[in-house]
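# Commentary on secondary and tertiary structure
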Amino acid sequence: MSTPKASRPSGSKGGPSDAGTGRRPTLLDVARRAGVSRATASLVIRDAAGPSAESRERVRKAAAELDYRPDQAARLLRRRNSRLIGVMFTVHEPFHADLIESIYAATEEVGYDVVLSAVVPSRGERRALEALIASRCEAVVLLGAGEASTTDFGNRLPVVEIGRPPNETVFDAVHTADDEGARLAVDHLVSLGHRDIVHVDGGDQPGAVERRSGYLDAMRRHGLQDRARVLPGDYTESSGFAAARALLDDGELPTAVVAGNDQCAIGLLVELRHAGIDVPGRVSIVGYDDSRLARLAHIDLTTVRQDAKQLARLAVQAAVERLDKGLDGETWVFRLAPHLVVRGSTGPAR
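Here we summarise the structure given alongside this text. (Residues numbered from 1 in each chain as written. Predicted model: local features only at pLDDT ≥ 70, side-chain atom pairs only at ≥ 80, totals over all residues. Heavy atoms only, no water.)

### Things to note about the nonpolar core
The cut-off we apply is this: Remark: nonpolar core denotes a set of buried residues (Ala, Val, Leu, Ile, Met, Phe, Trp, Tyr, Cys) joined through side-chain atoms within 4.5 Å. The buried label goes to any residue with under 20% of its type's maximum accessible area, the exposed label to any with over 50%, and the partly exposed label to all in between, with areas taken from a 1.4 Å probe on protein chains only. The secondary structure listing takes helices from DSSP runs of H or I that are at least 4 residues long and strands from runs of E that are at least 2 residues long, numbered from the N terminus. Contacts are assigned to residue pairs with any non-hydrogen atoms lying within 4.5 Å of each other.
Ile103, Val141, Leu143 and Ile162 are the most contacted members of the largest nonpolar core, which totals 27 residues. Among the elements of the structure, β1 (84–90), α5 (94–109), β2 (113–119), β3 (139–143), β4 (159–162) and α11 (308–325) are those that each provide at least two residues to this core. A total of nine residues in this core trace back to one element, the largest contributor, which is α11. Not counting residues within four places of it along the chain, the set of residues in contact with Ile162 comprises Leu99, Ile103, Val141, Leu142, Leu143, Gly144, Val174, Leu311, Ala312 and Ala315. Judged by nonpolar contacts, the second largest core, of 22 residues, contains Val200, Ala243, Ala244 and Ile277.

Below, the structure written as structure tokens:
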């Protein structure tokens, strides 16, 4: 004896799991529900010319009833140009969050969207970049890239780096004049009476060489070259902790420290305060970037500001121009001026 098949009551309307399949509704489902051809339904969904007002109303009503959502990936595959710009960034770098926010705004202005790909300890730069290419990004913006600069990605699509000085990149680049930024930090501290000023550098990180050079140049200019001292670092809070411990172990603290970036500066500040050292009463600290962490009330960090909005705008502009004009020709380099932002982590020398 055969089992009777279940049937849908007359007039019943299907939903996202139409016909009990649990599948995602398709454009053909919408067309059938609206009583139009698939081509007509497609024109309505894309808001293209052609269908009548009545057909548009029926299609939109059917799409709403079925909770239909266009398949963006499939739509991109059908298009020659994806209108996507990929962004590779480091998860643990706060300033990258500021840059990404500005990149979204800049790409929207020129009719592009953003695909993000993160670099983490278990996922290197090459893998992050390959993911962006697999996502059909037309161009890529690299935030503080390292080893990726030696790859051949620039021969495959436009690549723009933010944060890496021109002597360290083979791609188009947008960066802040980091040597000038470090000089601004030293000049500020000297104006407060500081003479014993230490620098914690960024090791092999982007801009670290320029910031160290700017610090040393400013110390010489103020006749303090004999007091210049550079401690190793790597743009992380842990390097700030380590630098603070090294200074505490010396027994004779400097009156001021210029850190390689805000994260390092925050590590210094936290560790010194934990040891009972008054900041800025006994030691003044200057960071670099003016990341969102520096602006927190309990941090209140004096820092050298990089213009995230302008860096992002110029990087997107360079990428779009490369798409229009091709990959050939000399690399483009944009160099922006830094600005000192004075907050509560610096004060007169003791």
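### Observations concerning the pattern of salt bridges
Let me state the cut-off plainly: Salt bridges are identified by distance alone: a Lys or Arg side-chain nitrogen within 4 Å of an Asp or Glu carboxyl oxygen.
Applying the stated criterion across every chain yields a total of 24 salt bridges. In this structure, Arg211 engages Asp178 in a salt bridge whose closest nitrogen and oxygen atoms are separated by 3.4 Å. Taken together, the residues Arg211 in helix α8 (residues 208–221) and Asp178 in helix α7 (residues 178–191) connect sequence positions 33 residues apart. According to the relative accessible area criterion, Arg211 is buried, its value standing at 6%. Residue Asp178 is classed as buried on the basis of its relative accessible area of 2%. Within this structure, Asp98, Glu101, Asp290, Arg292, Arg295, Arg305 and Arg343 form a network of salt bridges that share partners.

### Here's the deal with helix α6 (residues 125–134)
Defined as follows: The arc in question is traced by the directions running from the helix axis to the C-beta atoms.
Among the residues of α6, Glu125, Ala128, Leu129 and Leu132 are the ones counted as buried. Buried residues in α6, looked at end-on, bunch into an arc of 95°, giving them a common side. Residues of α6 that are exposed and point over 90 degrees away from its buried face: Arg127 and Ala134. A positive phi of about 65° marks Arg136, the residue just after α6.

### Side note on the sheet that holds strand β11 (residues 333–336)
Working definition: the strands of a sheet are paired by backbone hydrogen bonds and lie parallel or antiparallel to each other. Heads up, the condition is: DSSP bridges decide pairing: two strands pair if at least two such bridges lie between them. Angular values range over 0 to 180 degrees, each being the angle between N-to-C directions of two axes fitted as lines to C-alpha atoms, with helices fitted over their stretch in contact.
One open sheet accounts for six strands, arranged β2-β1-β3-β4-β5-β11; its pairing is parallel. This sheet does not close on itself; its edge strands, each paired only once, are β2 and β11. Strand-to-strand twist of the sheet, defined as the mean angle between neighbouring strand axes without regard to direction, takes the value 15°. Taken together, the four bridges between β1 and β3 define a ladder with parallel strand orientation. Along β3, the bridge assignment pairs Gly86 with Val140.

### Thoughts on the sheet that holds strand β6 (residues 197–200)
Strands sit in the order β7-β6-β8-β9-β10-β12 across an open sheet of six strands; the sheet is mixed. In the strand order of this sheet, the two ends are held by β7 (229–231) and β12 (339–341), each with one partner. Neighbour-to-neighbour, the strand axes of the sheet open up by a mean angle of 25°, direction not taken into account. Relative to strand β9 (residues 284–289), strand β8 (residues 256–259) runs parallel, the two being bridged by three bridges.

### Things to note about α11
Using the following cut-off: In this scheme, a helix's expected span is set at 1.5 Å multiplied by one less than its residue total. Whenever a nitrogen or oxygen atom comes within 3.5 Å of another N or O atom, the pair is scored as a polar contact, on the condition that within protein one atom can donate a hydrogen and the other can accept it, and that pairs from neighbouring residues in sequence are kept only if both atoms are in side chains.
Over its 18 residues, α11 runs 26 Å from end to end, which matches the ideal 26 Å to within 8%, given 1.5 Å per residue. For α11, the set of buried residues is Ala308, Leu311, Ala312, Leu314, Ala315, Val316, Ala318, Ala319, Val320 and Arg322. Each element contacted by the buried residues of α11 is listed here: β1, α5, β3, β4, β5 (172–176) and β11. The distance from a side-chain oxygen at the start of α11 to the backbone nitrogen of Lys309 is 3.3 Å, and the residue carrying that oxygen is Asp307. Two residues or fewer past α11, Gly326 is found with a positive phi of approximately 95°.

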